[in-house]
Each structure stands twice: as structure tokens, then as C-alpha cells.
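Residues per chain are reported as follows:
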Amino acid sequence: MSDPLADPLADLPPWHPSQPHHEVAADVRAWLGTPAAFALFGRLALDQVAYREVAAAVDATGRFAQNFTDRGIRSGLWGPLLLFGDDADRRATAQRLKDLHGQVRGQGRGHFAGERYSAMNPALWKWVGTTSLLVFHTGYVTTYRRQLTPEQVEVAYRTILHLTDFDLPSEQARIPATAAEAAAYYDEVAATVLADNEFLRWADATFDRLPVPTLVGPRWLQRAVAPFWRVLTPVLGRPAKVCAEGAAHPRMRELLGVRWTRRRQRELDLYLFLVRSARRWLPRWLLLDPLALNRFHYERLRALYEKPQLTSFAPPG
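Residues numbered from 1 in each chain as written. Predicted model: local features only at pLDDT ≥ 70, side-chain atom pairs only at ≥ 80, totals over all residues. Heavy atoms only, no water.

1. Some remarks on helix 14 (residues 262-281)
Right, so step 1: With 20 residues, helix 14 should cover 28 Å at 1.5 Å per step; its first-to-last C-alpha distance of 28 Å lies within 8% of that length.
Right, so step 2: Of all the positions in helix 14, only Arg-264, Glu-267, Leu-268, Tyr-271, Leu-272, Val-275 and Arg-279 are classed as buried. Down the axis of helix 14, the buried side of the element spans an arc of 135 degrees, and every buried residue falls inside it. Structural note: helix 14 exposes Arg-262, Arg-263, Arg-266, Arg-280 and Trp-281 on the side pointing more than 90 degrees away from its buried face.
Right, so step 3: Where the residues of helix 14 are buried, they touch helix 1 (22-32), helix 2 (35-41), helix 7 (122-144), helix 12 (238-247) and helix 15 (284-287). (Helix = DSSP H or I, 4+ residues; strand = E, 2+ residues; numbered from the N terminus. Expected span 1.5 Å × (residues − 1). Buried < 20%, exposed > 50% of the residue type's maximum accessible area, 1.4 Å probe, protein only. Arc of directions from axis to C-beta. Contact = heavy atoms within 4.5 Å.)

Encoded structure:
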């Protein structure tokens, strides 16, 4: 690691104008603030529960079985807090997330009886952390693959890692530093650990019949919208299913029984074209999470205040 005193650019974020490919980094940061990105590629996170110990832990908590949609919404809401809060809030959120995961330990039940698990196991933390990062990186690279050089793919990865670098104090838990290292790590785990299990199959099927969320609105409203929800959810969820399956690792396609065809590829290409077009033409206020939009507004205003300021108070020489 370089010495920050020797390298004045070392602590600057990847999207700073002085950094190489800063335009890509800035676009990746905006991608992270776009809820549609998580919605379209969030299903990639099924790879987490293809790791049996993770599946045993998630199954034992019961939160997915209670209401799969609510659990997904909560997961989505962690992101803006970790990515776009101020530094104090980001650190506090990361610590709270670690503290909550510290409670997830024990033995599996049912199909996972006898399987011991702990969310603080460095190997599990590394897998969940890496795959969570890759949900966004894989989604971005899949959407813009034809426009990105190998170096820009690495910039995209470093940008996400810069924003989500909340490792445990253990080398075994450390998330890979580059996209190439992450790909090699994923291939190794896919070949040696990932396998079919009951929770993986249940979660994959549940994505196609999501329950009505209960986090918002009174109970009578939830019951009223339930019939329409059941009809519309499979249709509205189709793009997310195709995008995630198209971006998935070959091992996950195998485990999920995905048969990729030319027709499926054309459907994926259409969805990706629509995503790129929406991000190009629609206003930011319509695309971004409110917390992300607030952060970008703040930074724009800060730049306006800083622009006329002097760069030195030293007396003229």
C-alpha cells in the first residue's frame, strides 16, 4: 500500500477529477444510488445461499420465511445508509450491521440440522461481502460491457469497494482488492463449495411469487391490493429474473436450472437497452434514491462554495 504522504492522491475517491477514468467511477457511484439497479440484479444474491452455511443461517433466522418481500426491502434500505450517509452515519451503520450479524450464530434446523453457522465466520463474511459487492458490479458491467475497457471494469470494482469497504479485522475475511481477484475467488468457491440446497430452491421459487409487503400501509390496504399483486408481480418481476439469470455465474445457472437461449439473450439485450436509455435521458431526481440525490445536491453546492476560494494564504513572493 502506498504512503499517503508520498502520494497526495491516495486518499481521493475514484470519482475525483484527478483520478484516471473518474467519469466511469462517478457513473458507477450514481448506479449505486439507483434503486432500479438493485431491483434488476438483486436476484444475483441467491448465490449467497448456495453456500450451505449461509443458507442454514438465513433459514434459521426465519425473516425470509416471515415475509420475503419485507426482507428484501430492508436489505435494499441498508445500501443508501452505507453508501450515501455522512462519514459518521456510514461508520455507525456499518458497526450496527456487524453487531446485528454477531447475533447470527448457532445450529441449523430442519434440512440444515447439525449445520453450525456464524455470520462472524471470516469465510462466510468474505463470501457474503464479496457477493453483495458483486451484485452491483456485475449488474453495471453486464449493462455497459460493450462500452468498458478491462481497466474501466477494474475502476468500477474499486469504486464500489471504496464505498463498501467494511471488513472484519481478519485477513481471511478481507474482500478481494480487484475485480480479477474477485472473479478468481468466486470461481474457486463455485467449484468447491456452492451446491444445491432446500433454501436455495425455496428462495428462487419465492422470487416469482413475492408476498405483499407489510412495511407500508394499513392491513386493510394490503388485503385489498393482494389480488392485483399476485397477478402483476410475475409480470413486473420478469425483467429482474432475466437480468439476474443473464448476469449469473455459470455455476449458479447450473444450480438454478437456467437454460439460456438466443431468445432469452435478445430479451436481456432489450432490458439493458432500456436501462441505459433511462439513465441517459431521465432526470436524476426520478432515478436516484432520495438519500443519494441529497448527497449529490450537497456535493454540487459545496463545489460552488469552494470554487471562488483561494488556494493559498501565503504572502506573495
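So much for the structure itself; the text now carries on.
2. Side note on the nonpolar core
Right, so step 1: Ranked by size, the top nonpolar core spans 70 residues in total, and within it Leu-194 and Met-252 carry the most contacts.
Right, so step 2: With nine residues, helix 7 is the largest single contributor of residues to this core.
Right, so step 3: Setting aside chain neighbours within four positions, we find Leu-194 in contact with Asp-47, Ala-50, Tyr-51, Trp-127, Tyr-186, Val-189, Arg-251, Met-252 and Leu-255. (Core = buried A, V, L, I, M, F, W, Y, C linked by side-chain atoms within 4.5 Å.)

3. Here's the deal with the packing of helix 5 (residues 68-84) against helix 6 (residues 87-101)
Right, so step 1: Running from N to C, helix 5 and helix 6 point in directions that differ by 135 degrees, and their axes come no closer than 7 Å. On the basis of their axis angle, the class for helix 5 and helix 6 is oblique. When the axes of helix 5 and helix 6 are compared, the crossing they make is left-handed. Of helix 6, the residues touching helix 5 (which contributes Trp-78, Leu-81, Leu-82 and Leu-83) are Arg-90, Thr-93, Ala-94, Arg-96, Leu-97 and Leu-100. (Axes fitted to C-alpha atoms, helices over the stretch in contact; angles between N-to-C directions. Parallel < 35°, antiparallel > 145°, perpendicular 65-115°, else oblique. Left-handed = near helix turned anticlockwise from the far one by under 90°.)

4. A look at the packing of aromatic side chains
To describe a pair of aromatic rings, you give the distance between the ring centres and the angle between the ring planes.
Right, so step 1: Summed over the entire model, instances satisfying the criterion amount to twelve aromatic pairs.
Right, so step 2: Measuring from centroid to centroid gives 6.4 Å for Trp-31 and Tyr-144, while their planes differ by 75 degrees, and the two rings are edge-to-face. With a gap of 113 residues between them, Trp-31 in helix 1 and Tyr-144 in helix 7 connect regions that are remote in the sequence.
Right, so step 3: We classify Tyr-144 as buried; its relative accessible area is 9%.
Right, so step 4: Through a chain of ring-to-ring contacts, the aromatic side chains of Trp-31, Phe-41, Tyr-140 and Tyr-144 assemble into a single cluster. (Phe/Tyr/Trp six-rings, centres within 6.5 Å; stacked < 30°, edge-to-face > 60°.)

5. Digging into the confidence of the model for the protein chain
Right, so step 1: The predicted model of the protein chain averages 90 in pLDDT, with 96% of residues at 70 or higher.
Right, so step 2: Throughout residues 1-6 the model reports pLDDT below 50, and contacts reaching past four residues in sequence, or to other chains, amount to four contacts. (pLDDT = per-residue confidence, 0-100.)

6. A look at empty space enclosed by the protein
Right, so step 1: Overall, the coordinates contain one cavity of 30 Å³ or more when judged by the stated rule.
Right, so step 2: A volume near 100 Å³ is recorded for the largest cavity.
Right, so step 3: Around the largest cavity, the lining residues are Arg-43, Leu-44, Leu-46, Asp-47, Asp-204, Ala-244, Glu-245, Ala-248, Met-252, Arg-253, Leu-256 and Val-258.
Right, so step 4: Listed by contribution, the elements that provide at least two residues to the lining of the largest cavity are helix 12 and helix 13 (250-256).
Right, so step 5: If one sorts the elements of the lining of the largest cavity by residue count, helix 13 sits on top with three residues.
Right, so step 6: The residue makeup of the lining of the largest cavity, split by class, is seven nonpolar, no polar and five charged. (1 Å grid on protein atoms, 1.4 Å probe; cavity = no way out; pocket = protein on both sides within 12 Å on 5 of 7 lines; lining within 4 Å. Points joined across faces, edges and corners; volume = space filled by probe spheres on them. Nonpolar A, V, L, I, M, F, W, Y, C, P; charged D, E, K, R; others polar.)

7. Quick look at the pattern of salt bridges
When the charged atoms of two side chains with opposite charge come close together, those side chains can pair.
Right, so step 1: Overall, the coordinates contain 13 salt bridges when judged by the stated rule.
Right, so step 2: A salt bridge links Asp-59 to Arg-109; the nearest nitrogen and oxygen atoms lie 3.8 Å apart. With a gap of 50 residues between them, Asp-59 in helix 3 (residues 52-61) and Arg-109 in the loop between strand 1 (105-107) and strand 2 (116-118) connect regions that are remote in the sequence.
Right, so step 3: Arg-109 gets classed as partly exposed once you look at its relative accessible area, which sits at 44%.
Right, so step 4: Through salt bridges with shared partners, one network takes in Arg-43, Asp-204, Asp-208, Lys-241, Glu-245 and Arg-264. (Salt bridge = Lys/Arg side-chain N within 4 Å of Asp/Glu carboxyl O.)

8. Focus: unusual backbone geometry
Right, so step 1: In this structure, His-21 is a non-glycine residue whose phi angle is positive, near 55 degrees.
Right, so step 2: Position of His-21 relative to the elements: it lies in the segment before helix 1.
Right, so step 3: By relative accessible area, which is 24% here, His-21 ends up partly exposed.

9. Topic: the side chain of Thr-143
Right, so step 1: Topologically, Thr-143 is positioned in helix 7.
Right, so step 2: Ignoring anything within four residues of it in the chain, the contact list for Thr-143 reads Trp-31, Phe-41, Leu-272, Val-275 and Arg-276.

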